[in-house]
Amino acid sequence: MNLRHYVRDIPDYPKKGITFFDITPILSTPKAFRYVIDQLYEKYKDSGADKIVAADARGFIFGAPLALKMGIGFVPIRKPGKLPYKNRCVTYDLEYGSDTLCMHVDAIEEGDKVLMIDDLLATGGTAEGMVKLIREAGGEIVGAGFVIQLSFLDGDEVMRAAGVKHDFLIEID
């Protein structure tokens, strides 16, 4: 299946000069959505992961059903003020600004094997923030899966520098 067909390019969003790659056509097409989850499952079913960690909000869309299919736990990473229990947080740079991510302090335990899932790898800022949170909690990252990788940005290098093996389903040059 040509998944790129199901990704809509929206120029000048969220800021002028940025192209937003919209995954909602994947979500509105059951065969495409199922294909994404099935492909991620095939890539990571033997990873040994105990938990999937995904970032607010689009990462949840892919991470939660994948965790369910793999029979493992799901850990949401959210923006500040969105989680009701004690949090650990990290601030990181984005392609178009900066942001902060948080997770519950007890979401990952020492030695947990963690698979990171998100919709997009661009500059690597969000992924790098996730890596920091997971490692601070004592988790071992067994891989990172993305629906889309923007190869014209530095996310690939950020993941390599962090020592995280990653893969993707769609590469956009």
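With an unreviewed UniProt entry as reference, the chain is termed Adenine phosphoribosyltransferase, source organism Pseudodesulfovibrio karagichevae. Within the UniProt record for the chain, the comment given under Subunit (unreviewed entry) is "Homodimer."

Attention now moves to the packing of aromatic side chains. The tally for this structure, following the rule as stated, stands at 3 aromatic pairs. Ring geometry for Phe60 and Phe74: centres 5.8 Å apart, planes at 90°, overall edge-to-face. In this pair, Phe60 is assigned in helix α3 (residues 58-70) and Phe74 in strand β4 (residues 73-77), connecting sequence segments 14 residues apart. The positively charged end of Lys69 is found above the aromatic ring belonging to Tyr41, 5.1 Å away from the centroid.

Our focus in this paragraph is unusual backbone geometry. Peptide bonds are, in most cases, trans, and in most cases residues other than glycine have a negative phi. The omega torsion across Tyr13 and Pro14 is 5°, close enough to zero to call that bond cis. Turning to its location among the elements, Pro14 is positioned in the loop between β1 (8-11) and β2 (19-22). Across the junction of Asp56 and Ala57, the peptide omega takes the value 0°, indicating a cis bond. Mapped onto the secondary structure, Ala57 falls in the loop between β3 (51-55) and α3. A positive phi angle, close to 60°, is found at Asp12, a residue other than glycine.

Rules used throughout
Residues numbered from 1 in each chain as written. Predicted model: local features only at pLDDT ≥ 70, side-chain atom pairs only at ≥ 80, totals over all residues. Heavy atoms only, no water. UniProt positions renumbered as here; feature names shortened; annotations may be inferred. Phe/Tyr/Trp six-rings, centres within 6.5 Å; stacked < 30°, edge-to-face > 60°. Helix = DSSP H or I, 4+ residues; strand = E, 2+ residues; numbered from the N terminus. Lys NZ or Arg CZ within 6 Å of the ring centre and 35° of its normal.

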